[in-house]
Amino acid sequence: MYLAIIGFILIIILMYVLIGEKMSPPMAFIILPLIAAVVSGASIADISLYVNDGLASILNTAVLFLFSISFFTLMSEQGLFDPLVDFVISKVGNKITAIFIAVLLVATVAHLDGSGASTYLIAIPAFKPIMDKLGVKPVVFLGTVIGLMAAMNIIPWGGPTIRAASVAGVEVSDLYSFILPAVVVMFLLAIVNAVINSRRKREGSVDGNVNIADLAGDVTSEPKTSKGLYIYNLVVTLIMLALLFIDTGLPMHFIFMVAYAFAILGNFRSVKEQGKKIQEYGNNAIVMTMTLFAVGIFIGVIEGSGMVEAMATTIINALPEFIAPHTHWFLALFSVPLMMVLGTDAFYFALLPIVIGIVEPFGITPQTVAATFLITGTYGTYISPTVAANYVGVSLAGTTIGEHIKANLPIMWAASIITLIAATLLGVVQF
């Protein structure tokens, strides 16, 4: 219980300083967990173990972020996306909603590999120049992307579905078939979210109306590179994207490292210029890279100390006895904040088994409980400050994790509850 209290206080303070922008994320993720670890009675040896394990868990994502951000910054600077922007803007006329739907289509394809990071890396750089020209706020653009990612995050080969199925003791294909009606609802909600976002008042536009066609000539007035260099950059990027989708066995961060090396060598011939650009692009990514390593410390402390498991158990024990037969349903109402607090592994491997044990004697099958948590908890994944990939998304979109949570938490939480109610009416979830 003592560990749980420390854990809850840590999460509350962390959310407060991030959303209220009272402390920069790197400092918050380093100092607050350290204080919590000391208060919990952890020794120096314990803290050292927590930190090492946490940093090890975040290393690949941090490397991915550093090189991917540098790569896309270079390509954007060299005008790789300008023809795409020009083409889309010239074709859609005044149909801003069409651009937002196009974002959903690209995000759907990008998320087929089940990776949130790759979805951010593909969908956001492709459309950010257009969104910037239209005056769309970064948090609105990002909110559109994650609305779709929530639905795609539970594809049969995705991590959450595999986790939930393994805990429930059912086949992944059976679980996904079972939740399919709810998944349809989730895709419809993603479309509704995109349409609403497309009609929200934009920065720089008093009435929210803008003639997109007028922007077409404003995007790429002069080529930024020669035709040969543009083709080279396009080929490097397409090969890189293909390798991200094909299961080559190569780590994603390594693919970006190689692509970045070829991009630097192809675009800047002198060693002096290469060094200058590497430093320039590195400066753009260093703050968020520091944040990712700091998140690793946070994750290491709350998981290694047992705070996560203690919080999960405390949440269950706090529920009144009369709720017992419906524990899964009532907890699902709070799946989004629970996912943000506990993280994906604890949500499925610590909380889900406990809930299954409580409701199974009342005739609620493990598959039903797994389905309930899966279709609601997924909405919390891409607004959680403990999910490393989200820092890739907020950085590419040009916002902060605090602004992202403040703007999109209410929307994702509402979508989660709507999905739960719809799934109950459709017979997927049993009350």
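Coordinates for the structure precede this section.
Definitions and cut-offs
- Residues numbered from 1 in each chain as written.
- Predicted model: local features only at pLDDT ≥ 70, side-chain atom pairs only at ≥ 80, totals over all residues.
- Heavy atoms only, no water.
- 1 Å grid on protein atoms, 1.4 Å probe; cavity = no way out; pocket = protein on both sides within 12 Å on 5 of 7 lines; lining within 4 Å.
- Points joined across faces, edges and corners; volume = space filled by probe spheres on them.
- Helix = DSSP H or I, 4+ residues; strand = E, 2+ residues; numbered from the N terminus.
- Nonpolar A, V, L, I, M, F, W, Y, C, P; charged D, E, K, R; others polar.
- Axes fitted to C-alpha atoms, helices over the stretch in contact; angles between N-to-C directions.
- Parallel < 35°, antiparallel > 145°, perpendicular 65-115°, else oblique.
- Left-handed = near helix turned anticlockwise from the far one by under 90°.
- Contact = heavy atoms within 4.5 Å.
- Salt bridge = Lys/Arg side-chain N within 4 Å of Asp/Glu carboxyl O.
- Buried < 20%, exposed > 50% of the residue type's maximum accessible area, 1.4 Å probe, protein only.
- Patch = residues over 30% accessible without salt bridge, like charges linked within 9 Å, V, L, I, M, F, W, Y side chains within 5 Å.
- Areas by Shrake-Rupley, 256 points an atom, 1.4 Å probe, with all protein chains shown as cover.
- Polar contact = N/O pair within 3.5 Å; in protein donor to acceptor, adjacent residues only side chain to side chain.

K.L.:
Explain the layout of surface pockets to me, please; I cannot follow it from the model alone.
P.N.:
To locate leftover empty space, one rolls a probe as large as a water molecule over the atoms. Within this model, the largest pocket holds a volume of roughly 960 Å³. What lines the largest pocket is a set of 31 residues, and nearest its centre among them are T61, R163, V387, A388 and A389. Elements represented by at least two residues in the lining of the largest pocket include exactly α3 (44-77), α6 (116-134), α8 (159-168), α12 (252-267), α13 (271-304) and α16 (335-359). A per-class count over the lining of the largest pocket returns 14 nonpolar, 13 polar and four charged.

K.L.:
How should I be thinking about the packing of α3 against helix α18 (residues 389-397) in this particular structure?
P.N.:
Describing two packed helices takes the angle between their axes plus the distance from one axis to the other. Their axes nearest at 9 Å, the elements α3 and α18 cross at an angle of 20°. Comparing the axis directions of α3 and α18 gives the class roughly parallel. Along this stretch, α3 crosses α18, giving a crossing that reads as right-handed. Facing T61, F65 and I69 of α3, the residues of α18 in contact are A389, Y391, V392, S395 and L396. Of the residues belonging to the contact of α3 with α18, the class tally is six nonpolar, two polar and no charged.

K.L.:
What exactly am I supposed to notice about the pattern of salt bridges here?
P.N.:
Once their charged atoms are close, side chains differing in charge can pair, the charge on each being opposite to the other. Inspection of every chain in the model, using the stated rule, returns three salt bridges. The residue K277 makes a salt bridge to E77 at a minimum N-O spacing of 3.2 Å. Pair noted here: K277 is in helix α13 and E77 is in helix α3, with a separation of 200 residues, a long-range link. With a relative accessible area of 30%, E77 lands in the partly exposed category. Put simply, E280 and K277 hold a salt bridge, and the shortest N to O gap is 3.3 Å. Here the residue E280 and the residue K277 both occupy positions in helix α13, the gap between them amounting to three residues, near one helical turn. Residue E280 is classed as partly exposed on the basis of its relative accessible area, which comes to 30%. Beyond isolated ion pairs, a larger network of salt bridges with shared partners links E77, K277 and E280.

K.L.:
Explanation requested: the environment of L105 in the structure shown.
P.N.:
Residue position: L105 is located in helix α5 (residues 96-110). With 288 residues separating them in the primary sequence, L105 and G393 have C-alpha atoms 17 Å apart.

K.L.:
What is the right way to look at a nonpolar patch on the surface in this model?
P.N.:
Side chains of Y2, M27, I30, I31, I35, V39, I286, V287 and M290 sit close together on the surface and give an oily, nonpolar patch of about 790 Å² of accessible area. Every element with two or more residues in the nonpolar patch is listed here: α2 (25-39) and α13. Examining the composition of the nonpolar patch, we find that five residues originate from one element, α2, more than from any other. By secondary structure assignment, the location of V39 is in helix α2. Relative accessible area serves as the criterion here: at 44%, V39 is assigned to the partly exposed category.

K.L.:
Hey, could you run me through the side chain of T314 in this one?
P.N.:
The residue T314 is located in helix α14 (residues 307-317) in this model. When its relative accessible area of 17% is taken as the criterion, T314 is described as buried. At a separation of 2.8 Å, a polar atom in the side chain of T314 contacts the main-chain carbonyl oxygen of A310. Every residue in contact with T314, bar those within four places of it in the chain, is listed here: M1, A4 and F8.

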